[in-house]
Amino acid sequence: MKENKNYLQLVSILFKEQKLNWEQCKNGYATLDSVEVKVFHFENFSIKLQFNPGRMISTSAKVDAKSINERKCFLCRANLPKEQQAVEYKDDFFILVNPFPIFPEHLTLPSLHHTKQEIKNSFPVLLDFCEDLSPDFSVFYNGPKCGASAPDHLHFQAGTRNFMTIDHEYDLLKEKYAEKITENNSLCVYAIDDGLRKMIVFEGEVKSEIERAFQIFYSSFTELTGQYEEPMMNIVGAFQNKQWRIIVFLRRKHRPDVFFDADEEKRILLSPAAVDIGGVCITPREKDFEKITKEKLEEIFKEVFIVEKEFNTLKIKLKNDLENNYS
Ligand SMILES: [Zn+2]
């Protein structure tokens, strides 16, 4: 049963309060007005580049086990800054205003418990957030090995809808590149490769159907990649016209080689996660913002996504697995 609580209203009050009474938060949103943006146009979509110095901590976050063990978890409620307020979400999550925003409205949605980042069991919560924060927000997830800056603490994020270019360019991507994997009355699954990004998309209005299909996909992808912890993925979800649209980006690498280049002239601090591949790439350093070309961006994207051969194998496997499960 959907709760009757109006989360959008609570979130709107939370934003007003935090921007008024929390200096760091107020400053974070104020600097958004002056961030520089470039747009790269590809054939049927566009990718923006945002120079945002406020994102340095997140972009360069050390996410190896040792660094994680040595720092205080910034998503545990007990460790939040004293000015930070929260809206409780159902029994196990809470809603926070992100003081280092990318979006005009940027939320962090952590679990109340310090439990590892994983999507397999938390996928239904992602669907709930999509519904409860619609139509104002898109909700996203970064896997523990591809973009989550707190891989030890389960969390989602949400940002102003239609800010990521994929939010509003998806319909065209679907028209131009989608291959139907399966379709029934209540669920469609597509595979899309737009030349830069490879994704599996679930669309439907029955929550349990999407959940079931996602679990089948999860097993197929796990088997294909042999990554038994969690296959690398980023997710961008939304709820519109009474249905969910869940885009899963299929990754094989967290950061591109150029991120670690010993040659400072060549190094580019771009750490692709859901928002970047959803169409708004974040560079916290101005020199990277100046340096990145359309070709460079293309190269980086291709490097961090699964390759065509794997994608083709996954499509066949997923089709079989879904059909066997439904028959
Ligand atoms: Zn924690």
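Scroll up to find the structure this text is about.
The present account deals with the structure reproduced in this document.

Cut-offs used in this document
Residues numbered from 1 in each chain as written. Predicted model: local features only at pLDDT ≥ 70, side-chain atom pairs only at ≥ 80, totals over all residues. Heavy atoms only, no water. Donors = N, O, S within 2.8 Å, 3.2 Å for Na, K, Ca; no water. Tetrahedral: all angles 85-135°; square planar, octahedral: opposite > 155°, others 65-115°. Helix = DSSP H or I, 4+ residues; strand = E, 2+ residues; numbered from the N terminus. Buried < 20%, exposed > 50% of the residue type's maximum accessible area, 1.4 Å probe, protein only. Lys, Arg positive; Asp, Glu negative; His and termini not counted. Salt bridge = Lys/Arg side-chain N within 4 Å of Asp/Glu carboxyl O. Polar contact = N/O pair within 3.5 Å; in protein donor to acceptor, adjacent residues only side chain to side chain. Contact = heavy atoms within 4.5 Å. Phe/Tyr/Trp six-rings, centres within 6.5 Å; stacked < 30°, edge-to-face > 60°. Lys NZ or Arg CZ within 6 Å of the ring centre and 35° of its normal. Pairing = 2+ DSSP bridges. Axes fitted to C-alpha atoms, helices over the stretch in contact; angles between N-to-C directions.

Topic: the coordination of the zinc ion
Consideration 1: Coordination sphere of the zinc ion, protein contribution only: Cys 73 (SG), Cys 76 (SG), His 114 (ND1) and His 153 (ND1), at 2.1 to 2.3 Å.
Consideration 2: Each of the four donor atoms around the zinc ion contributes to a set of angles spanning 100 to 120°, which defines the coordination as tetrahedral.
Consideration 3: Written as a sequence motif, the donor residues of the zinc ion are C-x2-C-x37-H-x38-H. Of this pair, Cys 76 sits in the loop between helix 4 (65–70) and strand 3 (87–89) while His 114 is found in the loop between strand 5 (106–110) and helix 5 (123–132), placing the two residues 38 residues apart along the sequence.

Examining the side chain of Arg 251
Consideration 1: Its location among the elements puts Arg 251 in the loop between strand 12 (243–250) and helix 8 (274–277).
Consideration 2: One buried charged residue, Arg 251, remains without a salt bridge, the closest side chain of opposite sign being Asp 276 at 7.3 Å.
Consideration 3: A polar atom in the side chain of Arg 251 sits 2.8 Å from the backbone oxygen of Lys 253.
Consideration 4: A polar atom in the side chain of Arg 251 sits 3.2 Å from the backbone oxygen of Val 304.

A look at the side chain of Lys 315
Consideration 1: Inspection of the secondary structure assignment puts Lys 315 in helix 11 (residues 308–326).
Consideration 2: Not counting the four nearest positions on each side in its chain, Lys 315 is found in contact with Glu 179, Ile 181 and Ala 191.

Section: the packing of aromatic side chains
Consideration 1: In this structure the tally under the stated criterion is 21 aromatic pairs.
Consideration 2: Plain terms: the ring middles of Phe 214 and Tyr 218 are 6.3 Å apart, the flat faces sit at 50° to each other, and that makes the pair tilted. Linking Phe 214 with Tyr 218, this pair stays in helix 7 (residues 207–225), spanning four residues, or about one helical turn. Just as Phe 214 is buried, Tyr 218 falls in that class too.
Consideration 3: Connected via pairs of aromatic rings, a cluster forms that spans Tyr 7, Tyr 89, Phe 93, Phe 129, Tyr 141 and Phe 156.
Consideration 4: The ring of Phe 163 is capped by Lys 48, whose NZ or CZ atom sits 5.8 Å from the centre of that ring.

A word on the sheet that holds strand 6 (residues 137–142)
Consideration 1: Judged by pairing direction, the sheet is antiparallel, and its 10 strands sit side by side in the order 3-4-5-7-6-11-12-10-9-8 without closing on themselves. The sheet terminates laterally at strand 3 and strand 8 (179–183), the two strands that pair on one side only. The mean inter-strand angle of the sheet, taken between neighbouring strand axes irrespective of direction, is 20°.
Consideration 2: Here seven bridges tie strand 9 (residues 187–193) to strand 10 (residues 198–204), and the two strands are oriented antiparallel to one another. The residue bridging Leu 187 from the neighbouring strand is Gly 204, located in strand 10.
Consideration 3: Docked against the sheet, helix 1 (residues 7–21) engages strand 3, strand 4 (93–97), strand 5 and strand 6, running at close to 40° with respect to strand 4.

Some thoughts on the sheet that holds strand 1 (residues 36–41)
Consideration 1: In spatial order, the strands read 1-2-13; together these three strands make up an open sheet with mixed pairing. Looking at strand neighbours, the two that pair on one side only are strand 1 and strand 13 (280–283), the edges of this open sheet. Averaged over all neighbouring strand pairs, the angle between strand axes comes to 25°, with direction disregarded.
Consideration 2: Both strand 1 and strand 2 (residues 46–51) contribute to a ladder of six bridges, which runs antiparallel. Its bridge partner lying in strand 2, Lys 38 is registered against Leu 49.
Consideration 3: With respect to the sheet, helix 10 (residues 294–304) is in contact with strand 1, strand 2 and strand 13, its orientation differing from that of strand 1 by roughly 80°.

What about the pairing of strand 4?
Consideration 1: With respect to burial, strand 4 is a largely interior element, five of its five residues being buried.
Consideration 2: Of the two faces of strand 4, both are covered, the one formed by Phe 93, Ile 95 and Val 97 as well as the one formed by Phe 94 and Leu 96.
Consideration 3: The pairing of strand 3 with strand 4 spans three bridges and is antiparallel. The partner of Glu 88 across the bridge, within strand 4, is Phe 94.
Consideration 4: The turn joining strand 3 and strand 4, which pair antiparallel and follow one another in sequence, is formed by three residues; a positive phi near 50° is taken by Lys 90.

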